[in-house]
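Observations on chain architecture
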Amino acid sequence: MQTTYDTTSLKLKKEFPEAEDFLPLNGTDYVELYVGNAKQAAHYYKTAFGFQGVAYAGLETGSKDRVSYVLQQDKIRLVLTSPLAPGGPINEHLQKHGDGVKNVALWVDDAQKSWEETTRRGAESVYAVQEHEDKHGKVRTSAIKTYGDTVHIFVERSAYDGPFLPGFKVWEDEYQPSATGLKYIDHMVGNVGWGEMNKWVDFYARVMGFAQLVSFDDKDISTEYTALMSKVMTNGNGRIKFPINEPAEGKKKSQIEEYLDFYNGPGVQHIAVATDNILDTVKKLKARGVEFLYVPTSYYDDLLDRVGHIDEDVEALKELGILIDRDDEGYLLQLFTKPVADRPTLFFEIIQRKGAKSFGKGNFKALFEAIEREQEMRGTL
Ligand code: FE2
């Protein structure tokens, strides 16, 4: 598995030379999943991943149609939402997609301006700016559509000091398992339909002011059987990175196509969360029941020939199945969970960067082969 690096591939593409940072985005504010049973999902993310309960909205806070649990680990904030009554958009989303990411909320200084700038450039509005207020202050939000039924909410919270958003109360929760070392969202990947990658690359460039960071072609990321294409979009300050995947023709079904079939359309494929000690984090996650993709031990046979010197002990990495890749600026360590719900859709990536700014291209082949083994078992290859 020899990987050669195109040294220009990590530079910004000429087509979209620089992100025009008209928003700008301060970071990811939260990621909201619509799930069938938010109470039990919250238990899973706390117990298995080490998130802590921070805020809650439901019947007790006057929310009659939905319940939401807000969980946090360092800078990563997850919101898990379930409907409390039949009908309505949350049930429709669940019926169509199963559990999955609905809202990728972005932290901005000005929700009004963010909505105006993006809709003026062609974004489809979900709602114009709204002001929410409680005793902790004011939050303004606005929202636009992205791929599939996924939404970007712009959150302006400089005048707010409550636990999450107006309407939420502090979740007084005695059960707070210890953290596992997850720090922030490194990137979030979207799967889009056949031939739609460039449309969404263009959306992030023209509507959101993002730049294209890295380009793969399908030769880079295919195995004998399955293939995909991927481009990475980043905002001006580099805090937000959204790779966009589309399926490519192979002898058998692309893993992206399998996702599209089970999610019933485009959506978030994986959330990559960063740690600064992947050995420790993955050891904890495994002990707490998080399931990871299995990589054959032969992956490690020629590892040092491929990646050169690394600080970690190869045996320790091998034991946990952690993957390593190098680019011009350093290396990275990464590992992928199995899907976190029953449909083969959303999964997580655990990543530790040691200088590398890329996304593990050299691991794609090993990874795809691991995914194909799972697809084979599901009868969807
Ligand atoms: Fe990733």
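1. Focus on empty space enclosed by the protein
On inspection of all chains with the given rule, the structure shows four cavities of 30 Å³ or more. Within this model, the largest cavity holds a volume of roughly 190 Å³. Taken together, 20 residues make up the lining of the largest cavity; nearest its centre are Asn-245, Gln-269, His-270, Phe-336 and Phe-364. Broken down by secondary-structure element, the contributors of at least two residues to the lining of the largest cavity are β10 (184–191), β12 (227–234), β13 (241–248), β14 (267–274), β16 (330–336), β17 (347–354) and α9 (364–378). A total of four residues in the lining of the largest cavity trace back to one element, the largest contributor, which is α9.

2. Some remarks on the nonpolar core
Core analysis: the biggest nonpolar cluster contains 88 residues, and Met-208 and Ile-271 have the highest contact counts within it. The element contributing the most residues to this core is helix α4 (residues 197–207), with seven residues. Once residues within four sequence positions are removed from consideration, Met-208 is found in contact with Phe-22, Leu-23, Leu-106, Thr-118, Ile-144, His-152, Phe-154 and Phe-203.

3. Some details on the coordination of the iron ion
Distances from the iron ion to its protein donors, His-187 (NE2), His-270 (NE2) and Glu-349 (OE), fall at 2.0 to 2.2 Å. Read in sequence order, the donor residues for the iron ion give the motif H-x82-H-x78-E. With His-187 in strand β10 and Glu-349 in strand β17, this residue pair connects regions lying 162 residues apart in the sequence. In this pair, the class of His-187 matches that of Glu-349, namely buried.

4. Notes on the pattern of salt bridges
In the structure shown here, the tally under the stated rule is 22 salt bridges. Its salt-bridge partner being Arg-77, residue Asp-29 comes within 3.1 Å of it at the nearest N-O pair. A residue pair is termed long-range when its members are at least 10 positions apart, and Asp-29 in strand β1 (residues 25–34) and Arg-77 in strand β4 (residues 76–83) qualify at 48 residues. Across the pair, exposure class does not vary: Asp-29 and Arg-77 are buried alike. Between Lys-183 and Asp-276 there is a salt bridge; the shortest N-O distance is 3.9 Å. Placement of the pair is Lys-183 in the loop between β9 (169–170) and β10 and Asp-276 in the loop between β14 and α6 (278–287), with a sequence separation of 93 residues.

5. Topic: unusual backbone geometry
For Asp-74, which is not glycine, the phi torsion reads 50° and is therefore positive. Even without glycine at this site, Asn-264 takes up a positive phi of about 60°.

6. Observations concerning the side chain of Asp-173
Locating Asp-173 in the fold gives a position in the loop between β9 and β10. On the accessibility criterion, Asp-173 (18% relative accessible area) is buried. Of the polar contacts made by the side chain of Asp-173, one reaches the backbone nitrogen of Tyr-175; its length is 3.2 Å.

7. Some points on the sheet that holds β1
An order of β6-β7-β8-β5-β1-β4-β3-β2-β9 is seen for the nine strands of this open sheet, with the pairing classed as mixed. Each of the sheet's edge strands pairs with one partner strand only, and the pair in question is β6 (125–134) and β9. Looking at chain direction, strand β7 (residues 137–145) and strand β8 (residues 151–156) are connected through six bridges and run antiparallel. Looking at the pairing, Ser-142 lines up with Phe-154 of β8. Along the sheet face, helix α3 (residues 111–120) touches β5 (100–108), β6, β7 and β8 and points at about 10° away from the line of β7.

8. Let's talk about the domain arrangement of the protein chain
Parsing the protein chain into structural domains produces domain 1 (7–170) and domain 2 (182–378). With centres defined by C-alpha atoms, the gap from domain 1 to domain 2 works out at 23 Å. Both sides of the domain 1 and domain 2 interface together cover about 4400 Å² of buried area, and 64% of this is carbon and sulfur. The tally of links between domain 1 and domain 2 comes to one salt bridge. Measuring nitrogen to oxygen at the nearest pair gives 3.8 Å for the salt bridge that ties Lys-183 to Asp-74.

Conventions adopted
- Residues numbered from 1 in each chain as written.
- Predicted model: local features only at pLDDT ≥ 70, side-chain atom pairs only at ≥ 80, totals over all residues.
- Heavy atoms only, no water.
- 1 Å grid on protein atoms, 1.4 Å probe; cavity = no way out; pocket = protein on both sides within 12 Å on 5 of 7 lines; lining within 4 Å.
- Points joined across faces, edges and corners; volume = space filled by probe spheres on them.
- Helix = DSSP H or I, 4+ residues; strand = E, 2+ residues; numbered from the N terminus.
- Core = buried A, V, L, I, M, F, W, Y, C linked by side-chain atoms within 4.5 Å.
- Buried < 20%, exposed > 50% of the residue type's maximum accessible area, 1.4 Å probe, protein only.
- Contact = heavy atoms within 4.5 Å.
- Donors = N, O, S within 2.8 Å, 3.2 Å for Na, K, Ca; no water.
- Salt bridge = Lys/Arg side-chain N within 4 Å of Asp/Glu carboxyl O.
- Polar contact = N/O pair within 3.5 Å; in protein donor to acceptor, adjacent residues only side chain to side chain.
- Pairing = 2+ DSSP bridges.
- Axes fitted to C-alpha atoms, helices over the stretch in contact; angles between N-to-C directions.
- Domains from an automatic or database assignment.
- Buried area = accessible area lost by both parts, 1.4 Å probe.

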